[in-house]
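Chain residues, written in single-letter form:
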Amino acid sequence: MHIMEGFLPVGHAIGWTIAAAPFVVAGSIALRRTLRARPEARLTLAAASAFTFVLSALKLPSVTGSCSHPTGTGLGAMTFGPAVMAPVGLIVLLFQGLLLAHGGLTTLGANVFSMAIAGPWVGWAAWRVATRLGLSTAVAVFLGAALADLATYVVTSAQLALAFPDPASGVAGSFAKFSGIFAVTQVPLAIAEGLLTVVVTAALVGRERSGEAGLHPIAGGR
Amino acid sequence: MDLSLSRGRSLLLLALAAVIVAAPMVLPGIEGAFSGTDDVASQAVEAARPGYIRWIEPLWSPPSKEIEGTIFALQAALGAGILGYVLGRRHGSRRRDVDDR
């Protein structure tokens with residue numbers, strides 16, 4: 001879940017906004033360039049953005065006895081590169097901040113940084129590393145999606161820890177406390193998102209192979 | 001990227017994801033009201049910094065839980081609609097490719 005409106009001190013709110021802004025600008029430029037070079041990618045991009053829209057609307061129960069929602073940013077990061085997810089995530093966060101009082105405008109920079117920048121980059125990197133290591137595409141996509149989701153909330157925890165260090169144990173103690181709330185809750189949800197993303201990615205980019213699925217008997221001779 | 005899954009595998013992965021999501025509601029020993037982690041975190045901030053008052057309120061909040069639920073459903077419906085449209089088109093165009101052959 002995102003950091004609520006007014007729950008970051010002014011300095012932190014401004015700092016995270018300044019940190020996130022260049023990524024959003026660079027991502028928008030990358031997005032335009034991608035669409036100009038590959039107009040046919042428009043539909044895939046719409047699907048990847050829509051996936052983030054759906055998943056971040058679903059508040060799901062977790063083992064900690066609280067609820068959180070997945071992020072859905074890994075799919076787009078793996079198909080389009082992590083940069084384009086910054087403007088995509090911004091749109092989702094604006095929708096939720098303005099219409100749902102979920103997140104907010106003063107915490108928008110921090111939330112964009114965690115969900116639309118850190119998550120996609122971590123997920124993309126995990127997917128690349130897994131592919132280089134020779135893991136199967138399905139496993140690599142699973143790792144990319146699950147870690148993009150989890151990393152988002154690790155960063156959220158760090159943002160709150162920096163803003164509210166524990167009087168006794170400092171930032172580290174506070175990070176442990178907020179991770180217990182956000183990151184631990186997220187673990188099963190990230191795994192579920194990873195599994196779902198494998199299925200959706202296959203439906204989006206996959207090519208049926210002969211005889212494998214039995215989905216298209218007519219393709220059997222290919 | 002090339003990734004293909006058989007229908008059986010896809011259904012298995014989806015079922016597994018559904019089980020993981022549903023499990024916390026039925027597993028014994030999980031305590032909690034399943035409130036949002038953002039609320040839990042806000043309470044943690046207020047506990048750690050007694051007297052911390054959010055310095056700005058949201059511009060607009062849904063007037064009730066019901067209306068909030070509707071807007072969340074709208075968000076999911078928009079996303080699912082677009083996603084379904086694209087997946088359907090992909091599926092259809094693949095079939096046409098095959099038929100042309």
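Scroll up to find the structure this text is about.
What comes next is a walk through the structure.

Quick notes on the rules
- Residues numbered from 1 in each chain as written.
- Chains lettered and ligands numbered in written order.
- Predicted model: local features only at pLDDT ≥ 70, side-chain atom pairs only at ≥ 80, totals over all residues.
- Helix = DSSP H or I, 4+ residues; strand = E, 2+ residues; numbered from the N terminus.
- Rg over C-alpha atoms; globule rule 2.2 N^0.38 Å.
- Buried ≥ 20, exposed ≤ 12 C-beta atoms within 10 Å, placed from the backbone.
- Contact = placed C-beta atoms within 7 Å.
- Core = buried A, V, L, I, M, F, W, Y, C linked by C-beta atoms within 7 Å.
- Axes fitted to C-alpha atoms, helices over the stretch in contact; angles between N-to-C directions.
- Left-handed = near helix turned anticlockwise from the far one by under 90°.
- Nonpolar A, V, L, I, M, F, W, Y, C, P; charged D, E, K, R; others polar.

Another point: the overall build of chain A. On a plain count of helices and strands, chain A comes out with eight helices and two strands. Here the C-alpha atoms of chain A give a radius of gyration of 18 Å, agreeing with the 17 Å that 2.2 N^0.38 yields for 222 residues. Principal axes of the C-alpha set define a box for chain A whose edges measure 70 × 40 × 35 Å. A total of 222 residues make up chain A; the buried ones form 60% of that total. In chain A, of all internal contacts separated by at least 6 residues, the share reaching a separation of at least 24 is 70%.

Regarding its fold elements, chain B presents three helices and one strand. When the helices and strands of chain B are read in sequence order from the N terminus, they spell out α-β-α-α. The C-alpha radius of gyration of chain B comes to 22 Å, more than 25% above the 13 Å expected for a compact globule of 101 residues. Each principal axis of the C-alpha distribution contributes one length, and for chain B these read about 70 × 40 × 30 Å. Per-residue burial for chain B yields a buried fraction of 17% across its 101 residues.

Nonpolar side chains in soluble globular proteins tend to be buried together. Residues and elements named next belong to chain A. Counting 87 residues, the largest nonpolar core has Phe51, Ala86, Val112, Ala116 and Ile117 as the members making the most contacts within it. When residues in this core are grouped by element, the largest group, 16 residues, is from helix 6 (residues 137-163). Excluding its chain neighbours within four sequence positions, the residues that come into contact with Ile117 are Ala20, Phe23, Ala86 and Val112.

It is worth spelling out unusual backbone geometry at this point. A positive phi is found at A:Ala101, a non-glycine position, where the angle reads about 50 degrees. Structurally, A:Ala101 is set in the loop between helix 4 (85-99) and helix 5 (108-132). One non-glycine residue with positive phi stands out, namely B:Phe34, at about 55 degrees. Its place among the elements puts B:Phe34 in the loop between helix 1 (7-26) and strand 1 (35-36).

Our next topic: the packing of helix 2 (residues 42-55) of chain A against helix 4 of chain A. All names here are of chain A. At their nearest, the axes of helix 2 and helix 4 sit 10 Å apart, and the two run at 35 degrees to each other. When the axes of helix 2 and helix 4 are compared, the crossing they make is right-handed. Contacts from Ser49, Thr52 and Phe53 of helix 2 reach helix 4 at Val88, Gly89 and Val92. Tallied by class, the residues present in the contact of helix 2 with helix 4 amount to three nonpolar, three polar and no charged.

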